[in-house]
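Here are the chains, one letter per residue:
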Amino acid sequence: MSSAATRTTGQDHLWSVADHLEDILTTVRPLEPIELQLLDAQGCVLVEDVTVPVSLPPFDNSSMDGYAVRVADVAGASEEYPAVLTVVGDVAAGQAEQPYVGPGQAARIMTGAPLPPGAEAVVPVEWTDGGLGEGPVSRMRAHSASPEGSYGQVHVHRQAEARAHVRAKGSDVKAGDRALEAGTVLGPPQIGLLAAIGRGTVRVRPRPRVVVLSTGTELVQPEEELSTGQIYDSNSFALCAAARDAGAIAYRVGAVADDAETLRSTIEDQLVRADLLVTTGGVSVGAYDVVKEALSSVGDEDEAGGGIDFRTLAMQPGKPQGFGSIGPDHTPLLALPGNPVSSYVSFELFVRPAIRTLMGLEDVHRPTTRATLSADKALTSPRGRRQFLRGTYTDGAVTPVGGAGSHLVAALAHADALIVVPEDDTSVEPGAEVEVVLLG
């Protein structure tokens, strides 16, 4: 974080988007690894390679319901001249002991069951009479309803090659193989693989806990009645959802009135459950911008150089920003503007990368691409400001949605991309190639 001296002059210095982001990412550090139960580790990032202790599958097993046979015994089998084999028993999944399949014999076998000794292939039940002597069948009868099916004779109507319908031991992964690499985000398939190889816990970086709070006496919770001059608090809902989308565990705090002491007390109360704090509103130059009032002097009490630096960025929307740390553990805090579009764009550019960094991910940014601008007229942008306009991206083209106003939350809801207009460009003509940040 910037020094206390920088904090006192941060508002006078015009920060670039890149410099502000670099300051954030060089300050925020990945969370310390912990050992978690599998389901608790969902969404977390592995910190070490996971090696397979036992092959998958751990034994040769059947991929079909049918009969385990010797290849020579079914050679040349057809419906006209079926092979007639003696059934010596059942082999079910999870069965510890299997019957031996000798010449002229077969064992009724279920999907996933071990290939019994002596057997070389599996013929699907549909290739047999199921032991009924009445032509091909479509399925086996339940053992409980027809236990005699485990013995007697079966007519096999087709021949089978060696290893037919057999899943070989280790055909998925072999013992000693690397199952998952460090840096892998654990989703449902990865959790399933860890369980399949016998892992009950795994060492990961935990999902960061992000506390989001909005400020403003004018803010009212959804479903409450609006009075004159009031609006509904949308920012805290949008940012909390965005934090969860980024991979965090997010907590939303109800809107805090424009009172510096109340805000400071609320933030201090939230430190116990926060790896990252995000505020929205109160960072501009108005008389009631209480976030600056409440937090601008925090660093003066902190000998370790913590505190919040309030800055002016060369961007639109989102010019006023704050960043620093607070509390005994120097919990990172990002203070975002209060206009809905400004706060959301700021989140995507600065908070999301911070969350992904805390998770220990290498790629922390939204994907970007180049696209052709599809618009009725040229886009205008103030010189010296990097502008981020909302748009929809389809097949290499991007179309603006709504205007440049930072209050246009309805247009934001229909956008899936940000159109980037560089600082030195004041106009972008239709058909020009532009940089696009993909949000979806």
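One numbering rule holds for all chains: residues counted from 1, following each sequence as written. The predicted origin of the model limits local features to residues at a pLDDT of at least 70 and limits the giving and counting of side-chain atom pairs to 80 or more, whereas totals for whole chains, interfaces and linings rest on all residues. Working from all heavy atoms in the structure, the side-chain values ignore hydrogens and water.

Let's talk about the overall build of the protein
This is how it is decided: Numbered from the N terminus, helices here are DSSP runs of H or I no shorter than four residues, and strands are runs of E no shorter than two. Based on C-alpha atoms, the radius of gyration is set beside the globule rule, defined as 2.2 Å times the residue count to the power 0.38. Only protein chains enter the accessibility calculation, which uses a 1.4 Å probe; a residue is then buried when its area is under 20% of its type maximum, exposed when over 50%, and partly exposed in between. Throughout, a contact is declared for two residues whenever any of their heavy atoms are within 4.5 Å. Only the protein chains shown count as cover for residues, with accessible areas throughout obtained via the Shrake-Rupley method and a probe of 1.4 Å. Only four residue types enter the charge count, namely Lys and Arg as positive and Asp and Glu as negative; His and the chain termini do not. For the purpose of locating charges, the reference atoms are NZ of Lys, CZ of Arg, CG of Asp and CD of Glu.
Secondary structure assignment for the protein yields nine helices and 29 strands. Taking 2.2 N^0.38 as the reference for a compact globule, 440 residues should give roughly 22 Å; the C-alpha atoms of the protein span a radius of gyration of 32 Å, well beyond that estimate. In the protein, which comprises 440 residues, the proportion classed as buried is 47%. In the protein, of all internal contacts separated by at least 6 residues, the share reaching a separation of at least 24 is 72%. Accessible surface computed for the protein: about 20,500 Å², of which carbon and sulfur atoms make up 49%. A gap of 2 Å separates the mean positions of the 33 positive and 57 negative side-chain charges of the protein.

Regarding the sheet that holds strand β3 (residues 45-46)
Under the convention used in this document: When DSSP finds at least two bridges between two strands, those strands are taken to pair.
What the three strands build is an open sheet, ordered β2-β13-β3; its pairing is antiparallel. The two strands at the open ends of the sheet, each matched to only one other strand, are β2 (34-37) and β3. Of the pairings in the sheet, the one linking β2 to strand β13 (residues 201-205) comprises four bridges and is antiparallel in character. Looking across to β13, one finds that glutamate 35 is bridged to arginine 203.

Here we look at the environment of lysine 174
Within the element layout of this structure, lysine 174 appears in the loop between β11 (166-167) and β12 (178-180). Look at lysine 174 and you get partly exposed, because its relative accessible area is 47%. Considering only alpha carbons, one finds lysine 174 and alanine 119, 55 residues apart in sequence, at a separation of 23 Å. Ignoring sequence-local partners within four residues, the contact set of lysine 174 consists of Val52 and Ser55.

Observations regarding the layout of surface pockets
Heads up, the rule is: A pocket here means an open set of points on a 1 Å grid, computed over the protein atoms alone, that has protein on both sides within 12 Å along at least five of seven lines. A cavity is instead a set of points where a 1.4 Å probe fits but cannot get out; residues with an atom within 4 Å of a point line either one. Grid points are joined across faces, edges and corners, and a volume is the space filled by probe spheres set on the points.
Roughly 340 Å³ of internal volume is contained in the second largest pocket. Asp275, Asp329, His330, Thr331 and Pro332 are, among the 17 residues lining the second largest pocket, the residues nearest its centre. Among the secondary structure elements, those contributing two or more residues to the lining of the second largest pocket are β21 (320-326) and β22 (331-336).

Comments concerning the packing of helix α5 (residues 235-246) against helix α8 (residues 340-359)
Quick reminder of the rule: Axis definition: a line fitted to C-alpha atoms, limited for helices to the stretch in contact. Angles are taken between N-to-C directions and run from 0 to 180 degrees. In what follows, roughly perpendicular refers to angles from 65 to 115 degrees, roughly parallel to angles under 35, roughly antiparallel to angles over 145, and oblique to any angle outside these ranges. Helix crossings fall into two classes, left-handed where the near helix is turned counterclockwise from the far one by less than a right angle and right-handed where it is turned clockwise. Residue classes follow a fixed rule: Ala, Val, Leu, Ile, Met, Phe, Trp, Tyr, Cys and Pro count as nonpolar, while Asp, Glu, Lys and Arg count as charged, and any other residue, Gly among them, counts as polar.
α8 packs onto α5 with a crossing angle of 30° between their chain directions and a minimal axis gap of 9 Å. The orientation of α5 relative to α8 falls into the category roughly parallel. Between α5 and α8 lies a crossing whose hand is right-handed. Residue-level inspection shows Asn235, Leu239, Ala242, Ala243, Asp245 and Ala246 of α5 in contact with α8, the latter providing Pro340, Ser343, Tyr344, Phe347, Arg352, Ile355, Arg356 and Met359. When grouped by side-chain class, the residues that make up the contact of α5 with α8 number nine nonpolar, two polar and three charged.

A few points about unusual backbone geometry
Here the residue pair leucine 56 and proline 57 is connected by a cis peptide bond, since its omega of -15° sits within 30 degrees of zero. Put simply, glutamine 316 and proline 317 share a cis peptide bond, and its omega is -5°. Along the polypeptide, proline 317 turns up in the loop between β20 (315-316) and β21. The phi angle at histidine 165 is positive, at roughly 60°, despite the residue not being glycine. Its location among the elements puts histidine 165 in the loop between β10 (151-156) and β11.

A look at the confidence of the model for the protein
A low pLDDT means the predicted coordinates there should not be read in detail. Quick note on the threshold: pLDDT is a residue-level measure of predictor confidence that goes from 0 to 100.
Across the protein, the average pLDDT comes to 89, with 90% of residues at or above 70. pLDDT under 50 marks residues 1-10. Its contacts with residues more than four places away, or in other chains, come to 29 contacts. Scored below 50 in pLDDT, residues 299-304 shows seven contacts in the model against residues more than four places distant or in partner chains.

Re the packing of helix α2 (residues 17-27) against α8
Viewed as axis vectors pointing N to C, α2 and α8 meet at an angle of 25°, and their least axial separation amounts to 10 Å. Taken together, the axis directions place α2 and α8 in an arrangement best described as roughly parallel. Every pair of crossing elements has a handedness; the one defined by α2 and α8 is right-handed. Contacts from Val17, His20, Leu21, Ile24 and Leu25 of α2 reach α8 at Leu349, Phe350, Pro353, Ala354 and Thr357. Of the residues belonging to the contact of α2 with α8, the class tally is eight nonpolar, two polar and no charged.

Observations regarding the nonpolar core
What counts is decided by this rule: Residues belong to a common nonpolar core when they are buried Ala, Val, Leu, Ile, Met, Phe, Trp, Tyr or Cys residues joined through side-chain atoms within 4.5 Å.
Counting residues in hydrophobic clusters, the biggest one holds 41 residues, and the most contacted among them are Phe350 and Ile355. Where this core is concerned, the elements lending two or more residues are α2, β14 (209-215), α5, β18 (276-280), β22, α8 and β27 (417-421). Ranked by the residues each element gives to this core, the list is headed by α8, at eleven residues. Among all residues touching phenylalanine 350, those that are not within four sequence positions of it are Val17, His20, Leu21, Ile24, Leu313, Met315, Gln321 and Leu334.

Some points on the environment of alanine 68
Looking at the element boundaries, alanine 68 is found in strand β6 (residues 66-69). Dropping the residues within four chain positions of it, alanine 68 is found in contact with Val101, Gln105, Ala106, Ala107, Ile109, Leu115, Pro116, Ala119, Ala121 and Val122.

Description of the sheet that holds strand β9 (residues 121-124)
Spatially, the five strands line up as an open sheet ordered β9-β6-β8-β7-β10, and their pairing is mixed. Edge positions in the sheet fall to β9 and β10, since each of these pairs with one other strand and no more. When strand polarity is set aside, the average angle formed by the axes of neighbouring strands in this sheet is 40°.

Concerning α8
Keep this limit in mind: Across the chain, bend at a residue is computed as the angle between axes fitted to the seven residues ending at that point and the seven starting from it.
At phenylalanine 347, α8 shows its maximal kink, close to 45°. A large share of α8 lies buried, amounting to 20 of its 20 residues. In the segment just after α8, glycine 360 is the residue with positive phi, at about 90°.

A closer look at the pattern of salt bridges
Stated formally: When a carboxyl oxygen of Asp or Glu lies within 4 Å of a side-chain nitrogen of Lys or Arg, that pair is called a salt bridge.
Following the criterion strictly, the structure yields 14 salt bridges and no others. Note that arginine 209 and aspartate 275 form a salt bridge whose closest N and O atoms lie 3.1 Å from each other. With arginine 209 in strand β14 and aspartate 275 in the loop between α6 (260-270) and β18, the pair connects residues that are 66 residues apart, well separated along the chain. Classification of aspartate 275 by relative accessible area gives buried; the value is 16%. The structure contains a network of salt bridges with shared partners spanning Asp245, Glu348, Arg352 and Arg366.

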